[in-house]
Amino acid sequence: MCGILAVFGCTDNSQAKRARIVELSRRLRHRGPDWSGLHCHEDCYLAHQRLAIVDPASGDQPLYNQDKTVVVTVNGEIYNHKELRAQLKSHTFRTGSDCEVIAHLYEEHGENFVGMLDGMFSFVLLDTREKSFIAARDAIGITPLYIGWGLDGSVWFASEMKALSDDCERFTYLLPGHIYSSKQGGLRRWYNPTWYSEQIPSTPYDPLVLRGAFEKVSSEKMRYKQAVKLTAPGTVHTISRHHLCYHALIKFMLLSISELAVIKRLMTDVPFGVLLSGGLDSSLVAAVASRHLADAEAACQWGSQLHTFCIGLKGSPDTKAAREVADYLGTRHHEFHFTIQEGIDALEEVIYHIETFDVTTIRASTPMFLMSRKIKSLGVKMVISGEGSDEIFGGYLYFHKAPNKEEFHQETCQKIKALHLYDCLRANKSTSAWGVEARVPFLDKEFINIAMSIDPEWKMICMFASLLSRVLLFTGAIGYMVSNIRPDLGRIEKWILRNAFDDEKNPYLPKHILYRQKEQFSDGVGYSWIDGLKDHANKQVTDSMLMNASFVYPENTPTTKEAYYYRTIFEKFFPKVQYYSFLALDLLSSKVYSGAGFIYLIAACQHPGGPSVACSTAKAVEWDASWSKNLDPSGRAALGVHAAAYEETGDTKAANLMNGSPQKRLEMLEKTATVA
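Residues numbered from 1 in each chain as written. Predicted model: local features only at pLDDT ≥ 70, side-chain atom pairs only at ≥ 80, totals over all residues. Heavy atoms only, no water.

Labelled according to an unreviewed UniProt entry, the protein appears under the name Asparagine synthetase [glutamine-hydrolyzing], originating from Salix brachista. Checking UniProt for the protein, the heading Pathway (unreviewed entry) contains the comment "Amino-acid biosynthesis; L-asparagine biosynthesis; L-asparagine from L-aspartate (L-Gln route): step 1/1." Regarding the protein, the UniProt comment filed under Catalytic activity (unreviewed entry) reads as follows: "L-aspartate + L-glutamine + ATP + H2O = L-asparagine + L-glutamate + AMP + diphosphate + H(+)". (UniProt positions renumbered as here; feature names shortened; annotations may be inferred.)

Structural data, given as structure tokens:
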């Protein structure tokens with residue numbers, strides 16, 4: 001990841017102002033320690049801190065069109081830059097950088113080119129001919145971008161708040177999937193997929209389609225294109241939902257798009273690896289990357305053995321599972337450990353870098369922050385990670401309580417739209433703190449479109465199957481579950497993704513890893529990590545402090561001592577950040593926000609808040625009234641669902657089954673299978 005800073009309309013364009021821009025840009029150098037660049041044009045400044053991933057030798061920024069009348073500073077990667085270059089035959093390129101294509105696309109198509117980009121990006125572009133500028137952010141908000149306003153009327157953009165907090169009167173994040181245009185005087189949404197309206201899709205599920213969305217075999221490209229046509233809007237209902245051939249076709253599509261999402265992210269000129277927690281998502285990423293690395297250009301430079309990385313407390317669930325996956329895939333595995341005290345000692349630095357006081361994000365960011373430092377020390381500059389899958393497929397354990405497919409689908413849509421405040425923010429800023437770039441194939445635009453077009457009935461979780469799968473995993477009988485439970489019963493969380501990669505002839509992963517229960521990263525690094533954080537916060541925050549929290553923090557008032565503690569640290573670094581309780585604009589509409597009205601975008605939740613269980617939204621807490629008494633974003637707060645919940649409640653037989661002897665478990669299993 002790189003760091004960008006841009007300022008337009010300064011009343012002061014003296015040498016002192018230039019020096020100030022350089023100083024503020026330097027606050028982002030952790031994101032791009034390889035080179036610094038600055039372009040000045042009258043009262044406009046575009047600064048860049050570069051992390052060199054593609055074309056390290058000549059791709060320094062800012063970048064230009066052929067006659068240097070268009071200037072752009074970019075943070076991100078454009079995976080289809082070669083295809084786009086091929087379309088711009090009359091243009092002359094100066095570098096091999098994937099981001100240079102942005103300046104030329106603007107010259108060719110004006111402001112309406114952003115949808116052509118396949119990648120993760122935030123960029124600011126200056127057209128010196130018209131003295132106009134645009135700023136845009138990728139579809140989901142994988143890369144951060146903030147907008148601010150100075151008292152002199154200037155408009156500012158930066159990759160992180162710390163570059164704006166001292167010089168802007170107000171600032172907020174630029175919405176994902178949006179473009180800000182000085183010509184049109186405001187913001188508009190360029191990303192308009194079908195799922196964004198939250199209407200319930202009806203495409204039948206086929207696991208091969210899903211696998212194809214994540215992984216692509218080049219010899220099957222034509223079959224994939226045919227599958228896309230067959231599942232296009234308006235063609236779905238011409239094919240029987242129960243036709244086995246169609247089921248196989250959809251499964252192939254899912255597989256092909258899945259593999260392609262990973263393959264395109266192997267584009268790199270520097271050493272790289274995969275973050276492997278041993279959970280489903282990261283394990284699938286590692287499995288697909290391992291299969292296709294030998295055919296990638298990166299293998300010519302860095303070899304065909306994939307590097308994988310994991311962190312946790314000693315003896316944690318994740319480190320054990322990750323080690324097993326690495327052995328299965330034959331990767332060169334690097335396992336790191338940290339202590340609770342080392343994590344606590346890093347909290348202030350973590351919060352400074354990730355720029356949020358959200359409890360879940362801080363819990364998960366801390367081990368990721370520590371791991372990224374270790375990774376950078378090995379000379380690695382890019383990693384591929386598994387963020388996004390849980391939001392797309394309803395993988396968090398609270399989805400077990402979704403009352404119907406309509407609410408299930410709407411919740412997944414809301415979760416995807418909010419990713420830029422949570423997992424995207426964590427993955428980007430925790431790694432960028434040490435000059436490491438994180439790529440996330442599950443958030444590939446094509447993959448999301450395929451996955452979100454599937455009838456959410458297929459994503460719904462069957463409570464019976466979920467319990468039985470836990471039992472079978474515990475007894476080592478997972479093969480029985482896969483082969484004997486009917487598809488309409490055997491749906492644990494993310495079942496459609498697991499099933500898509502359940503290949504008997506050429507297995508991607510061991511069965512018990514493929515069907516491992518969802519474990520949030522902050523839990524998987526070791527259950528005592530969260531317990532240790534709570535204990536530490538309880539020593540720092542008194543009962544009276546928490547009782548008066550609403551007076552100290554009237555907006556997004558912390559409700560726990562842990563949340564209060566994080567908030568005090570955040571306020572120390574960002575005291576000027578303002579919070580507003582009103583929402584003056586419909587942020588999800590596609591209309592243009594113009595003039596002074598755009599300032600009210602600050603009214604959006606600058607930081608998330610509200611009750612949560614297992615990373616749920618406040619709405620989803622309503623799905624189970626009993627959870628309101630145990631509000632905590634940890635997955636272990638999903639009482640009766642998580643195998644190691646804070647407190648086991650619910651069916652006594654289920655509890656006895658999980659805690660009884662192996663013989664009793666098998667006896668109960670036989671009875672349950674007979675009933676099914």
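So, on to the UniProt feature "site: Important for beta-aspartyl-AMP intermediate formation" (unreviewed entry) in the protein. Residues annotated in UniProt with the feature "site: Important for beta-aspartyl-AMP intermediate formation" (unreviewed entry) correspond here to E387. Classification of E387 by relative accessible area gives buried; the value is 8%. Non-local contacts of E387, meaning those with residues more than four positions away in its chain, are made with M368, D423, R426, A427, V440, F442 and L443. At a separation of 2.5 Å, a polar atom in the side chain of E387 contacts the side chain of S385. (Buried < 20%, exposed > 50% of the residue type's maximum accessible area, 1.4 Å probe, protein only. Contact = heavy atoms within 4.5 Å. Polar contact = N/O pair within 3.5 Å; in protein donor to acceptor, adjacent residues only side chain to side chain.)

Quick look at helix α9 (residues 317-329) now. With 13 residues, α9 extends 19 Å from end C-alpha to end C-alpha; this agrees with the ideal 18 Å at 1.5 Å per step. Every buried residue belonging to α9 is among D318, T319, A321, A322, V325, A326 and L329, and all of these are buried. Seen from one end, α9 has its buried residues packed into an arc of 165 degrees, which puts them on one side. Exposed residues lying more than 90 degrees from the buried face of α9 are K320 and D327. G330 lies just past α9 and shows a positive phi near 75 degrees. (Helix = DSSP H or I, 4+ residues; strand = E, 2+ residues; numbered from the N terminus. Expected span 1.5 Å × (residues − 1). Arc of directions from axis to C-beta.)

Moving on, we get to the sheet that holds strand β17 (residues 437-439). What the five strands build is an open sheet, ordered β15-β14-β13-β16-β17; its pairing is parallel. The open sheet has two edge strands, β15 (332-337) and β17, and neither has a second partner. Strand-to-strand twist in this sheet, taken as the mean axis angle between neighbours without regard to direction, amounts to 30 degrees. Relative to β15, strand β14 (residues 307-312) runs parallel, the two sharing six bridges. The residue bridging I311 from the neighbouring strand is F336, located in β15. Of the strands in this sheet, β13 (272-275), β14 and β16 (382-384) touch helix α7 (residues 280-292), which is tilted by about 145 degrees from β13. (Pairing = 2+ DSSP bridges. Axes fitted to C-alpha atoms, helices over the stretch in contact; angles between N-to-C directions.)

The strands that make up a sheet are held in pairs by hydrogen bonds between backbone atoms, and each pair lies either parallel or antiparallel. Reading across the sheet, the six strands line up as β2-β3-β1-β9-β8-β10 and stay open at both edges, with antiparallel pairing between neighbours. Each end of this open sheet is capped by a strand with a single partner; those strands are β2 (35-41) and β10 (170-173). Pairwise comparison of adjacent strand axes, ignoring direction, gives a mean angle of 10 degrees for this sheet. Summarising the sheet, strand β1 (residues 3-8) and strand β9 (residues 155-158) pair through four bridges and their orientation is antiparallel. Within the sheet, the bridge partner assigned to V7 lies in β9 and is W156. Of the strands in this sheet, β1, β2, β3 (44-50) and β9 are in contact with helix α1 (residues 15-26), which crosses β3 at around 30 degrees.

Under the local residue numbering, the UniProt record ascribes the feature "binding site: ATP" (unreviewed entry) to L275, I311, S385 and G386. Residue placement: L275 occurs in strand β13. Ignoring anything within four residues of it in the chain, the contact list for L275 reads S282, F309, M368, M371, I375, V383, I384 and S385. Residue position: S385 is located in the loop between β16 and α13 (389-393). The contacts of S385, once residues within four sequence positions are left out, are L275, V285, M368, R439, V440 and P441.

Moving on to unusual backbone geometry. For residues other than glycine, phi is negative in most cases, and the peptide bonds are mostly trans. P62 follows Q61 through a cis peptide bond whose omega is 5 degrees. Relative to the helices and strands, P62 is located in the loop between β3 and β4 (63-64). Unlike most non-glycine residues, E198 shows phi in positive territory, near 70 degrees. For E198, the location among the structural elements is in the loop between β12 (186-189) and α4 (207-212). Residue class for E198 comes out buried when judged on its relative accessible area of 17%.

Our focus in this paragraph is the pattern of salt bridges. For the coordinates displayed, the defined rule picks out 37 salt bridges. Of the charged contacts, one joins D281 and K494 as a salt bridge, the two residues approaching to 2.9 Å between their closest N and O atoms. A residue pair is termed long-range when its members are at least 10 positions apart, and D281 in helix α7 and K494 in the loop between α18 (478-484) and α19 (495-500) qualify at 213 residues. In terms of burial, D281 and K494 fall into one category: buried. Notably, a salt bridge pairs E355 with K429, separated by 2.7 Å at the nearest N-O pair. Taken together, the residues span a long stretch of sequence, with E355 in the loop between α11 (347-354) and α12 (359-377) and K429 in helix α15 (residues 423-432) at a distance of 74 residues. For the residue pair E355 and K429, the accessibility class agrees, reading buried in each case. (Salt bridge = Lys/Arg side-chain N within 4 Å of Asp/Glu carboxyl O.)

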